[in-house]
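As a plain string of letters, each chain reads:
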Amino acid sequence: MINLYGREFDRIELLRHVGDISQIAGVKQFELTAGNEKGVEAVKFWTGAGLNFTVLLDRGLDISHASYKDIPLSWQSSTGDVAPTYYEPEGFGWLRGFFGGLLTTCGMMYAGAPCEDEGEELGQHGRVSYIPAKNVWVDSRWEGNRYTLWVQGKVTETTVFGGTLCRTRRIWTELGATSLHIEDVVENLGYQDTPHMYLFHINAGFPVVAEGTELIAPSKEVLPIDEHSAGGLSNHAQCEPPTVDFGQQVYYHEMQADNNNHIHVALANRSFNNGQGLGLYIRYHKTQLPKFNQWKMNGEGTYVIGLEPANCWVEGRAKERKQGTLQYIEPGGRRHYEVEIGVLTTNAEIDSFAEKIEAIKVKSSSA
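Because the structure is predicted, anything quoted here is derived from the model rather than measured.

1. Some points on the pattern of salt bridges
Using the criterion set out here, one finds 18 salt bridges in the structure. Close ionic contact of E120 with R317 constitutes a salt bridge, the shortest N to O distance being 3.1 Å. Linking E120 in strand β10 (residues 120-122) with R317 in helix α4 (residues 317-323), this pair joins segments that are 197 residues apart in sequence. Given the relative accessible area of 39%, E120 is considered partly exposed. Classification of R317 by relative accessible area gives buried; the value is 6%. One network of salt bridges, in which partners are shared, links D117, E118, E120, R317 and R321.

Here it is as structure tokens:
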């Protein structure tokens, strides 16, 4: 059955009430037309349960604005949804087009801080978010009483005399859902082992992020990336109000998985809407994404918490290579990644999530 508007429907009963299912839920392509966003093709999703989000086809199938019942979930930067032609690969030029959004992907051959690796100058966070997708498929269908909506496409990072990594991404949700799913398959289509660094930069914003918002995570260990971050370690799980000259903080988490090898992490604003509560959660496989980076940036305007499951840390490819932790994909090899992002709509849901995390932590400590 389909749960909508406080009651349940089957497919036939629901469709008798509408001219087309897009009256309730749908997926639609469009194109941005102004300024440095001009020409960016995008896809809008709406689920009928209040979850809306926009996927940018020309920005690596990343997710820009997302909302729940018109309440924003993601942080949107000052750059806008910049067209890929404005990509600046050198140094920190990546930031000139970092729209934030619900998801900006980092990788595929390098991620993290700019560095020089074996004579190659690498900018911040890689190219994948600036590569337009090909073989795009936008569609929806009924399967019994389930109505699924999706976008799928391929992004290829390649160079002559270098590696070739091709990622097939599928983002899907369904009628009545308050969550979405991202399924990535990265393949090495080249003929040599190719470095592979991959990070899901999930950017929660106001009002999910607000003074008193709490990070709920099954963390066994939390390590600051530098001395500045170390100064805020005791308060890493709490959000502060927008703060003048707030210096960004980054923390590395060692997470405890549940019995299915999933990691569950959430940001919870229990004070939202006079105590009704609002939260954003993610779920992913620890074997696929063994690292977790927390980006805490509580500055004015740049007011965001980054939840970042990854296969690497964020200090650059040269350091990963030096430490012996740099990942590779062999010729013909594949890597699979699955991430779920969803909304915690009430404090009751937040409490249930927190209890689940506490049970995972207790089981780990008693093992």
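From this point, the narrative continues.
2. So, the sheet that holds strand β25 (residues 334-344)
In space, the eight strands of this open sheet follow the order β11-β12-β13-β14-β25-β21-β20-β17, with antiparallel pairing throughout. Among the strands making up the open sheet, the edge pair consists of β11 (134-143) and β17 (214-216). Between one strand and the next, the sheet's axes are offset by a mean angle of 15°, whatever the strand orientation. Two strands pair when backbone bridges link them, and strand β20 (residues 262-269) and strand β21 (residues 278-285) are joined in this way by eight bridges, in the antiparallel orientation. By the bridge assignment, H262 is partnered in β21 with H285.

3. Overview of empty space enclosed by the protein
What the rule picks out here adds up to two cavities of 30 Å³ or more. Approximately 40 Å³ is the volume attributed to the largest cavity. If you go around the largest cavity, the residues you meet are L51, A66, L73, L102, T178, L180, L280, I341, G342 and V343. With three residues, the single largest contributor to the lining of the largest cavity is β25. Class assignment for the residues of the lining of the largest cavity results in eight nonpolar, two polar and no charged. A volume near 30 Å³ is recorded for the second largest cavity. W313, V314, E315, G316, K319, E320 and Q323 are the residues that line the second largest cavity. For the lining of the second largest cavity, the class distribution of residues is two nonpolar, two polar and three charged.

Calculation criteria
- Residues numbered from 1 in each chain as written.
- Predicted model: local features only at pLDDT ≥ 70, side-chain atom pairs only at ≥ 80, totals over all residues.
- Heavy atoms only, no water.
- Salt bridge = Lys/Arg side-chain N within 4 Å of Asp/Glu carboxyl O.
- Helix = DSSP H or I, 4+ residues; strand = E, 2+ residues; numbered from the N terminus.
- Buried < 20%, exposed > 50% of the residue type's maximum accessible area, 1.4 Å probe, protein only.
- Pairing = 2+ DSSP bridges.
- Axes fitted to C-alpha atoms, helices over the stretch in contact; angles between N-to-C directions.
- 1 Å grid on protein atoms, 1.4 Å probe; cavity = no way out; pocket = protein on both sides within 12 Å on 5 of 7 lines; lining within 4 Å.
- Points joined across faces, edges and corners; volume = space filled by probe spheres on them.
- Nonpolar A, V, L, I, M, F, W, Y, C, P; charged D, E, K, R; others polar.

Read these as spatial facts, not as claims about activity.
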